[in-house]
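Chain and residue survey
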Amino acid sequence: MQRPRLLLVLALAPLLTGCFASAGGESGEVTGESRSRLRVALAFPPAENLSPYGADATILSRLGVTEGLTSLDANGSAAPALARSWRREGDRSWLFTLREATFQDGTEVTPARVAAALTHATEAKPAPAALSGVTLTAESAGGDRIRIRTNSPDPVLPLRLAGPALAVLSPKAYEEEGRVDPVGTATGPFELTKVTGSTAATLDRFDDYWGGLARAAGIDARFIADGTARTNALRTGQVDLAEAIPVAQAATLDTATRRETATTRTTSLQLNTRTGPFKDPKVRAAAREAVDTSALAKGVYEDHADAGAGIYGPAVTWAASKREQPARRARAVEPAGTAITLATYDNRPELPEAAQVLKQQLEKAGFKVELEVREYSRIESDALAGKFDAFVVARNTLVDTGDPVAVLASDYTCDGGYNLALLCAKDVDRAVTKAEGTTDTSARQSAAMAAEAEILGTDAVVPLVHQRVVTGVGTSVKGVLLDPYERTLVGPGTRR
């Protein structure tokens, strides 16, 4: 049974070095030009049949399919979405007022249906990261209002509800037991009409979208895990948008088609603390000492990234001034031929190259390293199950809730739902709980950095680089939504 955990947010969201690109015009009258369909190349094929409760949630939000009660604005604050307003009734209760909206299957968005959708999310296994350690209940409050209660005081609730995994779908989406079907059941400007396995998806403009007609007639999405192939598809005019352009390919694109966005994504080396050689903190310390992060930033990422400083990178602008040095780290031992399995995925082309460099660095230090690379959808479950000794992952630290404390709870605590290091340490849990329970902005920031120091002190994670992502955008495309949280890409104003 998970212990309850209070997840709070900074009263003032962190300022970011990157911001949302201009929408280039919102929805409006459909012209001949705006009837064009957008062709989009995405890096990550669906890993869970496009279920909104896992990694696929951001696919749906990036394509403009799903929405929640709230969204994140450019500053990381909660903004209206399906809820047009809200107010706090007490420590554990919030009242949300819905806007008039329609599901893509033609049914009306009502408080009862929203409550049912949120209830399904709370019952998902594993729980969505935005609900890590939190229990909420939702019910209709009459008229156009819905009341949401939490098991403990939760000032961050409006921000939490912006998480892609808490998207609101119609009752039809939940008819098949054990599966959530987003095809034709969401509320966004684009309706998912067809999914071709893990290779492609077709979306049409949803004409009854509450925000008005989208400027594009639809989206033809292709899932292309190979980064060079995505880049070539953009260069040859096969697609209009290509996400996650490999740094090795960025220079081959014209400046006019290359957009670099500062993000809160950190690439790190996660060490399995539960089984295998890295169960010993002294062996983890040896791995940490073997890693040269500057070589990765300058070599593999060709200066499109900063050397790893911690769990939070430069995009969280207050982090550096409040960072604490880890204490009580174990003293490294000689690896003496210790055999380890290092794994990563190739959807982000820099990761296999980074893993290869890490392999060389670790072997130079005395480890014997076997490297395994797969596509993300084929490796995630094994990584979470601890089947590798070390795993290289690129993780957006603010993607789940916009709150920097959330990633600590989900990734590094005993009950965390995305705990790749399988870390369970009392001092870490205690520090994270303190950060979650701190409401004053400055004090909360300090508590978050104290928790980061506790985590880094275990050597369960070695931050490698803090990324800037490159998106390929055709010269005829307007209104692409590029944000540091990587939740959006196509919106009502995106067109060609």
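Residues numbered from 1 in each chain as written. Predicted model: local features only at pLDDT ≥ 70, side-chain atom pairs only at ≥ 80, totals over all residues. Heavy atoms only, no water.

Considerations on the environment of His466
Defined as follows: Elements are defined by DSSP. Helices are runs of H or I of four residues or more, strands are runs of E of two residues or more, and each kind is numbered from the N terminus. Whether a residue is buried, partly exposed or exposed follows from its accessible area with a 1.4 Å probe, protein chains only, as a fraction of its type maximum: under 20%, in between, or over 50%, in that order. As used in this structure description, the phrase polar contact means that two N or O atoms lie within 3.5 Å; if the pair is within protein, one of them must be able to donate a hydrogen and the other to accept it, and residues adjacent in sequence are counted only when both atoms belong to side chains.
Note that His466 resides in strand E17 (residues 461-473). By relative accessible area, which is 3% here, His466 ends up buried. Separated by 149 residues in sequence, His466 and Thr317 have C-alpha atoms that sit 13 Å apart. Here Ala309 takes part through its backbone nitrogen, which lies 2.9 Å from a polar atom of the side chain of His466.

Description of the state of the cysteines
For clarity, the cut-off: Throughout, disulfides are identified as pairs of cysteine sulfur atoms within 2.5 Å of each other.
Per the stated rule, a full pass over the model turns up one disulfide. Note that Cys414 is cross-linked by a disulfide to Cys424, the S-S spacing being 2.0 Å. Here Cys414 and Cys424 share a disulfide; its torsion about the S-S bond, 95°, makes the bridge right-handed. Taken together, the residues span a long stretch of sequence, with Cys414 in the loop between helix H11 (404-412) and helix H12 (426-436) and Cys424 in the loop between H11 and H12 at a distance of ten residues.

Comments concerning the layout of surface pockets
Over the atoms a probe the size of a water molecule is rolled, and this reveals where empty space is left. Applicable threshold: Each cavity reported here is a set of points on a 1 Å grid over the protein atoms alone in which a 1.4 Å probe fits but cannot get out, each pocket an open set with protein on both sides within 12 Å along at least five of seven lines, and each lining residue one with an atom within 4 Å of a point. Grid points are joined across faces, edges and corners, and a volume is the space filled by probe spheres set on the points.
Counted as a void, the second largest pocket has a volume near 770 Å³. Surrounding the second largest pocket, 34 residues form its lining, Glu67, Ser71, Leu72, Leu481 and Thr488 being those nearest its centre. Looking at the lining of the second largest pocket element by element, the count peaks at three residues for strand E2 (residues 70-72).

Some words on the pattern of salt bridges
The line we're drawing: By definition, a salt bridge exists where a carboxyl oxygen of Asp or Glu is found within 4 Å of a side-chain nitrogen of Lys or Arg.
On inspection of all chains with the given rule, the structure shows 29 salt bridges. In this structure, Asp144 and Arg84 form a salt bridge, with 3.1 Å as the shortest nitrogen-oxygen distance. Placement of Asp144 in the loop between strand E6 (136-140) and strand E7 (145-150) and of Arg84 in strand E4 (residues 83-90) is noted, with a sequence separation of 60 residues between them. Judged by its relative accessible area of 31%, Asp144 is partly exposed. With a relative accessible area of 45%, Arg84 lands in the partly exposed category. Among the charged side chains, a salt-bridge network with shared partners connects Arg288, Glu289, Arg329 and Asp459.

Side note on the pairing of strand E16 (residues 390-396)
Operational definition: Pairing between strands is defined by DSSP: at least two bridges between the two strands are required.
Counting buried residues in E16 gives seven out of seven residues, a clear majority hidden from the surface. Along E16, one buried face is formed by Ala390, Val392, Ala394 and Asn396 and the opposite face, lined by Phe391, Val393 and Arg395, is buried too. Note: strand E12 (residues 258-271) against E16, seven bridges, orientation antiparallel. Directly across from Gln270, in E16, lies its bridge partner Phe391.

Points about the confidence of the model for the chain
Just so we agree on the cut-off: The predictor rates its confidence in each residue with pLDDT, a number between 0 and 100. In what follows, a contact means two residues having at least one pair of non-hydrogen atoms within 4.5 Å.
On average, residues of the chain carry a pLDDT of 89, and 92% of them reach 70 or more. Counting contacts from residues 1-34, a segment whose pLDDT is below 50, to residues more than four positions away or on other chains yields 119 contacts.

A few points about unusual backbone geometry
For Ala336, which is not a glycine, the phi torsion comes out positive at approximately 50°. The residue Ala336 is located in the loop between helix H8 (319-322) and strand E14 (339-345) in this model. The residue Glu486 is not glycine, and still its phi comes out positive at about 60°. You can see Glu486 is positioned in the segment after E17.

Looking at the nonpolar core
In plain terms, the rule: In this description, a nonpolar core means a group of buried Ala, Val, Leu, Ile, Met, Phe, Trp, Tyr and Cys residues linked to one another through side-chain atoms lying within 4.5 Å.
Judged by nonpolar contacts, the single largest core of 55 residues is most densely connected at Leu69 and Ile148. Considering each element in turn, this core owes the most residues, five residues, to helix H2 (residues 111-123). Setting aside chain neighbours within four positions, we find Ile148 in contact with Leu69, Arg92, Ser93, Trp94, Phe96, Leu118, Leu136, Thr137, Ala138, Leu157 and Leu161.

Some words on the packing of aromatic side chains
Under the convention used in this document: Only rings of Phe, Tyr and Trp enter the pairing, Trp through its six-membered ring, and a pair is recorded when the two centres are within 6.5 Å. The plane angle decides the type: under 30 degrees is stacked, over 60 is edge-to-face, the rest tilted. Two limits define a charge over a ring: the Lys NZ or Arg CZ must be within 6 Å of the ring centre, and within 35 degrees of the ring normal.
According to the stated counting rule, one finds ten aromatic pairs in the structure shown. Arranged with centres 6.0 Å apart and planes meeting at 35°, the rings of Trp86 and Phe96 form a pair that is tilted. Of the two residues, Trp86 is situated in strand E4 and Phe96 in strand E5 (residues 93-98); the sequence distance between them amounts to ten residues. Residue Phe96 is classed as buried on the basis of its relative accessible area, which comes to 0%. Among the aromatic side chains, those forming a connected cluster through ring pairs are Phe44, Tyr345, Tyr376, Phe388 and Phe391. A cation over a ring is seen here: Arg99 above Trp210, with NZ or CZ 3.9 Å from the ring centre.

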